[in-house]
Amino acid sequence: MKVSVDADTCTGCELCVDTCPDVFEMKDGVAAAKSPVVPPSAEDACRDAAGNCPVEAIKIEE
Ligand code: SF4
């Protein structure tokens, strides 16, 4: 599974970092994926983060 954050859309609310700190981190005020490939153990949390992002800035590729 792959993940990316649209930095132009992200509002920097940090919700995804709280939900899935293994995958997301804040960089220059917006969220970023630590790695484009999601570790299997973090996939569920990553899906939750994408589903909960208020501006749908997180894109997942299964
Ligand atoms: S939840 Fe969405 S808007 Fe909030 S920091 Fe993460 S990517 Fe950005």
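Here goes a summary of the coordinates provided.

Criteria and thresholds
Residues numbered from 1 in each chain as written. Predicted model: local features only at pLDDT ≥ 70, side-chain atom pairs only at ≥ 80, totals over all residues. Heavy atoms only, no water. Helix = DSSP H or I, 4+ residues; strand = E, 2+ residues; numbered from the N terminus. Rg over C-alpha atoms; globule rule 2.2 N^0.38 Å. Areas by Shrake-Rupley, 256 points an atom, 1.4 Å probe, with all protein chains shown as cover. Lys, Arg positive; Asp, Glu negative; His and termini not counted. Charge placed at Lys NZ, Arg CZ, Asp CG, Glu CD. Buried < 20%, exposed > 50% of the residue type's maximum accessible area, 1.4 Å probe, protein only. Arc of directions from axis to C-beta. Contact = heavy atoms within 4.5 Å. Near = heavy atom within 4 Å. Nonpolar A, V, L, I, M, F, W, Y, C, P; charged D, E, K, R; others polar. Salt bridge = Lys/Arg side-chain N within 4 Å of Asp/Glu carboxyl O.

### Brief notes about the overall build of the protein chain
(1) Moving on: Across its full length, the protein chain carries two helices and four strands.
(2) Moving on: The order of helices and strands in the protein chain, counted from the N terminus, is β-α-β-β-α-β.
(3) Moving on: Whereas a compact globule of 62 residues would reach a radius of gyration of roughly 11 Å, the protein chain reaches 10 Å, a difference of no more than 12%.
(4) Moving on: Dimensions of the protein chain along its principal axes, counting C-alpha atoms only, are 25 × 20 × 15 Å.
(5) Moving on: Accessible surface, the protein chain as shown: approximately 3,800 Å² in total, 46% of it carbon and sulfur.
(6) Moving on: A distance of 5 Å separates the average location of the 5 positive side-chain charges in the protein chain from that of its 13 negative side-chain charges.

### Concerning helix α2 (residues 43-52)
(1) Moving on: Among the residues of α2, those classed as buried are E43, C46, A49 and A50. Angularly, the buried residues of α2 cover 120 degrees about the axis, an arc narrow enough to put them on a single face. Turned more than 90 degrees off the buried face of α2, the exposed positions are D44 and G51.
(2) Moving on: Among the structural elements, β1 (2-5), α1 (15-19), β2 (24-27) and β4 (58-61) are those in contact with the buried residues of α2.

### Quick look at the site of the ligand
(1) Moving on: For the ligand, the set of nearby residues contains 13 residues, the closest of which are C10, C13, E14, C16 and C53.
(2) Moving on: The residue makeup of the shell around the ligand, split by class, is 10 nonpolar, two polar and one charged.

### Overview of the pattern of salt bridges
(1) Moving on: Using the criterion set out here, one finds four salt bridges in the structure.
(2) Moving on: One salt bridge in this structure joins E62 and R47, with 2.9 Å as the shortest N-O distance. Note that E62 is positioned in the segment after β4 and R47 in helix α2, a separation of 15 residues in sequence.

### A closer look at the environment of M26
(1) Moving on: Note on placement: M26 falls in strand β2.
(2) Moving on: Residue classification places M26 among the partly exposed positions, given a relative accessible area of 28%.
(3) Moving on: Separated by 13 residues in the primary sequence, M26 and C13 place their C-alpha atoms 9.6 Å from one another.
(4) Moving on: Setting aside chain neighbours within four positions, we find M26 in contact with G12, E14, V17 and A31.

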